[in-house]
There are 2 protein chains.
Amino acid sequence: MKNHTSTLDIVKASKSKIEDTDFENLTFGKVFTDHMMECDYVDGAWQTPKIKPYGPLQLDPSAKVFHYGQAVFEGMKAFKDKDDHIWLFRPDENFRRINRSSERLAIPAFPEEYFFSALEELLKIDKDWIKKGFGNSLYIRPFVIATEEGVSAAPAKKYKFMIICSPAQAYYSGEVRVQFSEKYSRAADGGVGFAKAAGNYAAQFYPTNLAKDAGFQQVIWTDANTHEYLEEAGTMNIFFRVGDKLITAPTSDRILDGVTRKSVITLAEEFNIPLEVRRVKVKEIIDAAKSGELKEIFGTGTATVINPIRGFGYAGEKYELPKLEDSYAKVFKDKLMKIQYNETEDKYGWRYAVK
Amino acid sequence: MKNHTSTLDIVKASKSKIEDTDFENLTFGKVFTDHMMECDYVDGAWQTPKIKPYGPLQLDPSAKVFHYGQAVFEGMKAFKDKDDHIWLFRPDENFRRINRSSERLAIPAFPEEYFFSALEELLKIDKDWIKKGFGNSLYIRPFVIATEEGVSAAPAKKYKFMIICSPAQAYYSGEVRVQFSEKYSRAADGGVGFAKAAGNYAAQFYPTNLAKDAGFQQVIWTDANTHEYLEEAGTMNIFFRVGDKLITAPTSDRILDGVTRKSVITLAEEFNIPLEVRRVKVKEIIDAAKSGELKEIFGTGTATVINPIRGFGYAGEKYELPKLEDSYAKVFKDKLMKIQYNETEDKYGWRYAVK
Ligand SMILES: Cc1ncc(COP(=O)(O)O)c(C=O)c1O
Ligand SMILES: Cc1ncc(COP(=O)(O)O)c(C=O)c1O
């Protein structure tokens, strides 16, 4: 079945894979829905977006994405409420961010109209993959890759913008303990740390493996210049609670401007939780841990929403955090999820209905 | 025709494309030879390398290379001498370097035996693509990409190691003027700048475009912390000649340990050219330019061998370099090429015969 409109080409899968999918036992990001969105940039313009059956890409071995890492991505989620309505959470933020990432990697911007119309159509076609129930969602992965052939280090003239979707259950990563980085770094001033550039992630794997060997699940990166300031984790921004006060690092050209982070900042104000957005010294966190003033550390990110951190390691020492009944992490997570699942008022206009 | 040995699977192309190739008008890195090498890493081991007809790869849209930039590469050349013998230049350096790059990106090391046997076989099969004549060569691009499906930010369990080859003429880039970077940076301490990691290159495209808009062809990167020290260019290490003395930055975790750079360092000693390997202050180069002491700047790299730089820009000022009759750049380039093309003695054992 082929369906052509001026702005979208649609080819439906002949058979759905949904019956073969065990929605009770999903590994994050492993199973994909029946369809995907694909849009080519050639001759200086983004062509008509296509929705088509999920399937392999065919690329020349010299495609620039393989050699020069010209690739950016986003992570978003769709939620289904009790009445089977589908919602996105602040998708305009992700749209703007992928274009900011693209700009930094010399990739042409994607048109807003294409993004929203193709994404919504894709979600409607694959709506049965979005399961109801608090914690269930459809993880959405827009990404752009440089497809032009040729091994010379220059921006490509051909790209693919794609959206693939993967059903997800509540993200439970077990108890997370993190290592504060003392030597390795993920981003430099004047670099691409603020962008969701593919290369930023591979760069973290080796130091993260070292942290894992030392008994930690993740790394909290410190500034590359001095390693004295705590910045963010691999896929989460980080908040510290000292006494009743929350502290988080300001965004910069090294730190991703997280959608969850900025939502938590807004909610903190609503909840009258004192919050400081400023550089966070490793030393002040160590001192607060020693004095018992450090109550919580948590990460914020689309995949996990809010991820409480149980402990951390630094300079050969390990620190454990108290178990709180009424943690800020829990308060923020409940509120954010209620907004996402249309179970509470949407004061800030964060919900986006897919109709 | 299929040919199986214990260490190499060979499938030959049914028809060569060589007749359709205009060897007098080659664009760098655009045309590829008839065959390529492909070796898969699955189940914890590199499988039997395959040589097969050059052609497209089929990858899942969720393959980790597209999302997390887990990809590294190398650049080497093969040369044909007057007697039709084929030579490589210090290939052991490239082999070791790709494994150092891989280690930093949590990619499994590739076996030395596989690398050399597959590369040599590939060169013998495609030997007609290597043209004689000073300046002609076959550019060789080994690379590794993460092929495992799944959008979770963790090292892949599946990879492809590939070698593709592209015939090249003498690299002439026109007159090159460079901009010293004042704001943007390519690498951080504790980062992946020393690795030939794909993401390092895309990160340079946007600032390089800005430099191009300002009338320069390339950027010389400065240290991310202070921007006071000159480090390297996008695909070249950089040497400065002040009076009769050469200066180049030491390698570090931010700077690629170039094969051409280390060869020039050795030759400088042979030629009794005073050389200092130490940090190079922007200010000392500006002062030397103003006083007339700055004689040359040149880049070193496999693609270009030695690339003389005609001028540079910094802080809104433009500087031109003198035109020298007996430049160091020319002396090194002649010597290196004579070694590469088997036209002079190979004192250091840099030539590697493909037999
Ligand atoms: C480096 C990095 N920091 C933070 C985040 C959290 O951002 P968001 O809340 O928009 O998902 C992510 C994930 O998207 C990330 O990749
Ligand atoms: C960042 C960078 N610096 C320097 C070089 C020069 O290294 P080599 O002389 O080994 O080609 C290259 C190219 O290989 C490079 O990519």
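Residues numbered from 1 in each chain as written. Chains lettered and ligands numbered in written order. Predicted model: local features only at pLDDT ≥ 70, side-chain atom pairs only at ≥ 80, totals over all residues. Heavy atoms only, no water.

Looking up chain A in an unreviewed UniProt entry gives the name Branched-chain-amino-acid aminotransferase, with the organism given as Salegentibacter chungangensis. Per UniProt, the comment on chain A under Function (unreviewed entry) is "Acts on leucine, isoleucine and valine." (UniProt positions renumbered as here; feature names shortened; annotations may be inferred.)

Participant: How do you make sense of the nonpolar core when you look at a structure like this?
Facilitator: If you look at soluble globular proteins, the nonpolar side chains tend to sit buried side by side. Counting 135 residues, the largest nonpolar core has A:Phe66, A:Phe161, B:Phe66, B:Leu123 and B:Phe161 as its most contacted members. Here this core takes eight residues from helix H3 (residues 112–125) of chain B, the largest share from any one element. Not counting residues within four places of it along the chain, the set of residues in contact with A:Phe66 comprises A:Leu59, A:Asp60, A:Pro61, B:Leu57, B:Leu59, B:Val65, B:Phe66, B:Ala71, B:Phe143, B:Ile145 and B:Ala198. (Core = buried A, V, L, I, M, F, W, Y, C linked by side-chain atoms within 4.5 Å. Buried < 20%, exposed > 50% of the residue type's maximum accessible area, 1.4 Å probe, protein only. Helix = DSSP H or I, 4+ residues; strand = E, 2+ residues; numbered from the N terminus. Contact = heavy atoms within 4.5 Å.)

Participant: Sorry if this is basic, but what is going on with the domain arrangement of chain A here?
Facilitator: Frequently, the measure chosen for interface size is the accessible area removed from exposure when the parts meet. All names here are of chain A. For chain A, the assigned domains read domain 1 (9–169) and domain 2 (177–340). For domain 1 and domain 2, the distance between their C-alpha centres works out to 27 Å. Opposite the 21 residues of domain 1 that make contact, domain 2 presents 22 residues. Summed over both partners, the interface of domain 1 with domain 2 buries about 2000 Å², with 65% contributed by carbon and sulfur atoms. Linking domain 1 with domain 2 are two salt bridges. A salt bridge links glutamate 93 to lysine 262; its shortest N-O distance comes to 2.9 Å. Taken together, domain 1 and domain 2 are joined by 10 residue pairs in polar contact (both at pLDDT 80 or more). When residues of the side of domain 1 that touches domain 2 are traced back to their parent elements, those giving at least two are strand S7 (71–73), strand S8 (76–80), strand S9 (86–89) and helix H2 (91–104). Among the residues making up the side of domain 1 that touches domain 2, the classes are represented as 10 nonpolar, four polar and seven charged. (Domains from an automatic or database assignment. Buried area = accessible area lost by both parts, 1.4 Å probe. Salt bridge = Lys/Arg side-chain N within 4 Å of Asp/Glu carboxyl O. Polar contact = N/O pair within 3.5 Å; in protein donor to acceptor, adjacent residues only side chain to side chain. Nonpolar A, V, L, I, M, F, W, Y, C, P; charged D, E, K, R; others polar.)

Participant: Would you take a moment to explain the pattern of salt bridges for this structure?
Facilitator: Two side chains that carry opposite charge are able to pair once their charged atoms sit near each other. All names here are of chain A. Taken as a whole and assessed by the stated rule, the structure comprises 64 salt bridges over all chains. Measuring nitrogen to oxygen at the nearest pair gives 3.3 Å for the salt bridge that ties arginine 177 to glutamate 175. Residue classification places arginine 177 among the partly exposed positions, given a relative accessible area of 22%. A salt bridge links lysine 330 to aspartate 334; its shortest N-O distance comes to 3.4 Å. Here lysine 330 pairs with aspartate 334, and both are found in helix H7 (residues 328–340), just four residues apart, close to one helical turn. Assessed through its relative accessible area of 32%, aspartate 334 is described here as partly exposed. Several salt bridges converge on common partners, so that one network encompasses Arg90, Asp92, Glu93, Arg96, Arg100, Asp257 and Lys262.

Participant: Can you help me understand the interface of chain B and chain A in this one?
Facilitator: Opposite the 61 residues of chain B that make contact, chain A presents 61 residues. Each partner contributes to the roughly 4900 Å² buried at the junction of chain B and chain A, and carbon and sulfur atoms together form 63% of this total. Across the contact surface, chain B and chain A share 22 residue pairs in polar contact (both at pLDDT 80 or more). Looking at the side of chain B that touches chain A, the elements with two or more residues in it are strand S6 (57–59), helix H1 (64–68), strand S7 (71–73), helix H2 (91–104), strand S10 (137–146), strand S11 (159–168) and helix H4 (198–213) of chain B. Ranked by residues supplied to the side of chain B that touches chain A, first place goes to H4(B) with nine residues.

Participant: Explain the pairing of strand S3 (residues 35–42) of chain B here, please?
Facilitator: Two faces make up the sheet, and in a regular strand the side chains alternate between them. Residues and elements named next belong to chain B. Within S3, seven of the eight residues are buried, which leaves it mostly tucked inside the rest of the structure. Two elements, S3 and strand S5 (residues 50–53), share four bridges in a ladder whose sense is antiparallel. Pairing of glutamate 38 across the sheet is with lysine 50, part of S5. Of the strand pairs in this sheet, S3 and S11 are connected by five bridges, and their pairing is antiparallel. When the sheet's bridge partners are listed, tyrosine 41 is paired in S11 with tyrosine 159. (Pairing = 2+ DSSP bridges.)

Participant: What exactly am I supposed to notice about the site of ligand 1 here?
Facilitator: Residue and element names in this part refer to chain A. Taken together, 16 residues surround ligand 1, and among them Lys196, Tyr201, Glu232, Thr260 and Thr302 come closest. At 2.5 Å from a nitrogen atom of ligand 1 is found a side-chain nitrogen or oxygen belonging to glutamate 232. One of the side-chain N or O atoms of threonine 260 is found 2.5 Å from an oxygen atom in ligand 1. Notes on ligand 1: free accessible area 380 Å², of which the protein chains cover 97%. Listing elements by their share of the shell around ligand 1, those giving two or more residues are helix H5 (259–270) and strand S19 (294–301). (Near = heavy atom within 4 Å. Areas by Shrake-Rupley, 256 points an atom, 1.4 Å probe, with all protein chains shown as cover.)

Participant: How should I be thinking about the relation of the copies chain B and chain A in this particular structure?
Facilitator: Each of the two copies of the chain can be brought onto the other by a rotation about an axis and a shift along it. Least-squares fitting of chain B to chain A yields an RMSD of 0.0 Å, with the superposition described by an axial translation of 0.0 Å and a rotation of 180°. The superposition of one copy onto the other is thereby described by a two-fold rotation axis. Comparing contact sets, 100% of the residues at the interface of chain B also lie at the interface in chain A, consistent with an isologous, same-surface contact. (Least-squares fit on C-alpha atoms with pLDDT ≥ 70 in both.)

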